[in-house]
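Chains, contacts and geometry: an overview
What follows is the residue order along each chain.
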Amino acid sequence: MKQYTLFLLLLCLSLLMGCYEKIENTRPRIRGLSAFQNQSLTRNIDACCLTYSFANYTNRLPILTQEVLLEQGIIGWAFNMGNFAFSKGKTGEKTDLTIQFVSPEMVEFKIDTVRRGWIASPVESLGLVHRKEDGTYILYLNQAHDWTENRLGAILFHQLGVVLGLPVSDDPRSIMYPYMVDLPVPIIDIQSGYKIDSLYNSTHCDSWQEIGKIPFQPSSNHSYQTFSTYEKAFVIVNGSEMWAFDPFATPQWSSKTPPNFKGIPFTIFGVNNKAYAITTPNTNQHEWWEYDLTSDTWNRLNTPLPFFSSQPLISHSVNDKGYVLYTDQGRINIWEFSPTTKNWVSKKSYPVLPNTSLKQNLLATHTQKLLLVLPLDNEVIRYDPTTNNWIQDPPFPGFKNKDIPSILLSTKFRTYAYTPSHQLWEYALQWTALTPPSSPPNSVLFGLSLKCRGYLITNDGRQWYYRP
């Protein structure tokens, strides 16, 4: 009898150990998301915006996949948190946040033992945020971790909250929950948004301010061509004078060398440290010119353009490339320009009504895509350079009463539409009416878009500054 009892006991222990190993081998590991060295809730955020950059990439995911995931995370944060956004900084320049993959030893931090039921679960440190002496932040990510798209997106959302100073959460669904298991990407809970507002209640976002006057003579009879290159915006007046606007310089406006080509440019876009203007000196040919911001010089490019259109051209830049659009036989044609190789590539067209025409002030950059407002078609569409596809968005509310936007501003991954009836609309997955500046209706001449700020210039020379 004793031998039988001992056999049963050994059998139970054997089964128990087998079950334990099975649970241990199949249960997903719990991962510690972050620790913050030199933590401080004090942040210096100008214009409600921070810059970020990538120091390197992990070899466990394609580089393009990582860039898309990280930028989608940045955009998703901006949409959900409203006031605060992260904008991609220039390569090689100091940014508020640097993202870098490093060895596991550099991200290890002391973490409490995590138990699921009565079994202790292994914990793997995935990331650590460090505040450097110059006040910027660096996010270290575990290079050896088996990164998937969901995990990379989830930790990025969490770490942005860490950088902004959000406390941890006990809710496993929150982005500020300090551990990650193999679950869908956590939600950005509303409470986190309110906590951010309370941390930065001295920062005034979503407000209009008048900041003085422009240095050149305004007139509703003048032609204004505008373009932006990251930190600066430029205005060409009647094709004969040119001004640069830098919000961080003193004075903010400075005179530049005007273009020396004949007539007013058909369209102009800025990309990297250059600008490109396309003109039509005759009925069957385009000329294109390059402007160098550093040397303040214009130079005609002799390589013929691979396209021609007698219809209006519009252009913009996204992700360090330029795009030119025009209509032809009921389609919107789009060409992509690389400033590095000077090559043009034809991209996927989009069907429209035969009499649809494009205008310069109806194109903007939105969530790293091109946003196009088509009043005749009652459509708002976006072109995604990453997938080479067009996306249909909710129509603009002003389509119903013919109040068509006259100006589109692109800032902080959102689009702001100003109409002739003095209406201001914000687009972030849906259209929302906002308070316009206190200028009279029909007084706005042109707008300027910078990475975290938007500007409207009125016909009395006043300049209105908007911080979303």
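Conventions we followed
Residues numbered from 1 in each chain as written. Predicted model: local features only at pLDDT ≥ 70, side-chain atom pairs only at ≥ 80, totals over all residues. Heavy atoms only, no water. Helix = DSSP H or I, 4+ residues; strand = E, 2+ residues; numbered from the N terminus. Buried < 20%, exposed > 50% of the residue type's maximum accessible area, 1.4 Å probe, protein only. Contact = heavy atoms within 4.5 Å. Areas by Shrake-Rupley, 256 points an atom, 1.4 Å probe, with all protein chains shown as cover. Pairing = 2+ DSSP bridges. Polar contact = N/O pair within 3.5 Å; in protein donor to acceptor, adjacent residues only side chain to side chain. Expected span 1.5 Å × (residues − 1). Salt bridge = Lys/Arg side-chain N within 4 Å of Asp/Glu carboxyl O. Axes fitted to C-alpha atoms, helices over the stretch in contact; angles between N-to-C directions. Core = buried A, V, L, I, M, F, W, Y, C linked by side-chain atoms within 4.5 Å.

So, about the overall build of the protein chain. Scanning the protein chain from N- to C-terminus turns up four helices and 35 strands. Every one of the 468 residues in the protein chain was classed for burial, and the buried ones make up 51%. In the protein chain, 57% of the contacts between residues at least 6 apart in sequence involve partners at least 24 apart. As displayed, the protein chain has an accessible area near 22,700 Å², and 51% of this comes from carbon and sulfur atoms.

Next up on the list: the pairing of strand S28 (residues 389-393). Residues in a regular strand point their side chains to alternate faces of the sheet. Bridge count for strand S27 (residues 379-384) against S28 is five bridges, and the pairing is antiparallel. When the bridges of S28 are listed, Val-380 appears paired with Asp-393. Hairpin geometry of S27 and S28 is characterised by an intervening segment of four residues between the two adjacent antiparallel strands and by a positive phi of about 60 degrees at Asn-388.

As a further point, take the side chain of Thr-419. In this fold, Thr-419 is placed in the loop between strand S30 (414-418) and strand S31 (424-427). A polar contact is formed between the side chain of Thr-419 and the side chain of Asp-403, at a distance of 2.8 Å. Not counting residues within four places of it along the chain, the set of residues in contact with Thr-419 comprises Phe-396, Asp-403, Ile-404, Pro-405, Ser-406 and Trp-425.

End to end, helix H3 (residues 149-164) covers 23 Å across 16 residues, agreeing with the expected 22 Å (1.5 Å per residue, within 8%). In terms of residue burial, H3 counts as a mostly covered element, since 14 of its 16 residues are buried. Just downstream of H3, Gly-165 is the residue with a positive phi angle, here 95 degrees.

This structure, assessed with the given rule, holds nine salt bridges. Ionic pairing is found between Arg-300 and Glu-287, a salt bridge with its closest N-O pair at 3.3 Å. Taken as a pair, Arg-300 in strand S20 (residues 297-301) and Glu-287 in strand S19 (residues 285-292) lie far apart in primary sequence, 13 residues in all. Residue classification places Arg-300 among the partly exposed residues on the basis of a relative accessible area of 36%. Since its relative accessible area comes to 15%, Glu-287 is described here as buried. Taking the shortest distance from any N to any O, the salt bridge between Glu-336 and Lys-347 comes out at 3.9 Å. Within this pair, whereas Glu-336 is found in strand S23 (residues 331-338), its partner Lys-347 is found in strand S24 (residues 343-351), the two being separated by 11 residues in sequence. Through salt bridges with shared partners, a single ionic network connects Glu-210, Asp-460 and Arg-462.

Through backbone hydrogen bonds, the strands of a sheet pair up, either in parallel or in antiparallel fashion. The strand order across the open sheet built from four strands is S13-S14-S15-S16, with neighbouring strands paired in antiparallel fashion. Where the open sheet ends on each side, the last strands, each with one partner, are strand S13 (224-229) and strand S16 (253-256). Pairwise comparison of adjacent strand axes, ignoring direction, gives a mean angle of 25 degrees for this sheet.

On to the nonpolar core, then. Among the nonpolar cores identified, the biggest contains 37 residues, and Phe-86, Leu-97, Ile-99, Leu-141, Trp-147 and Leu-152 are the most heavily contacted of them. Elements supplying a minimum of two residues to this core: strand S3 (49-54), helix H2 (63-81), strand S4 (85-88), strand S5 (97-102), strand S10 (137-142) and H3. Ignoring anything within four residues of it in the chain, the contact list for Leu-141 reads Ile-99, Gln-100, Phe-101, Val-102, Val-107, Leu-126, Gly-127, Trp-147, Leu-152 and Ile-155.

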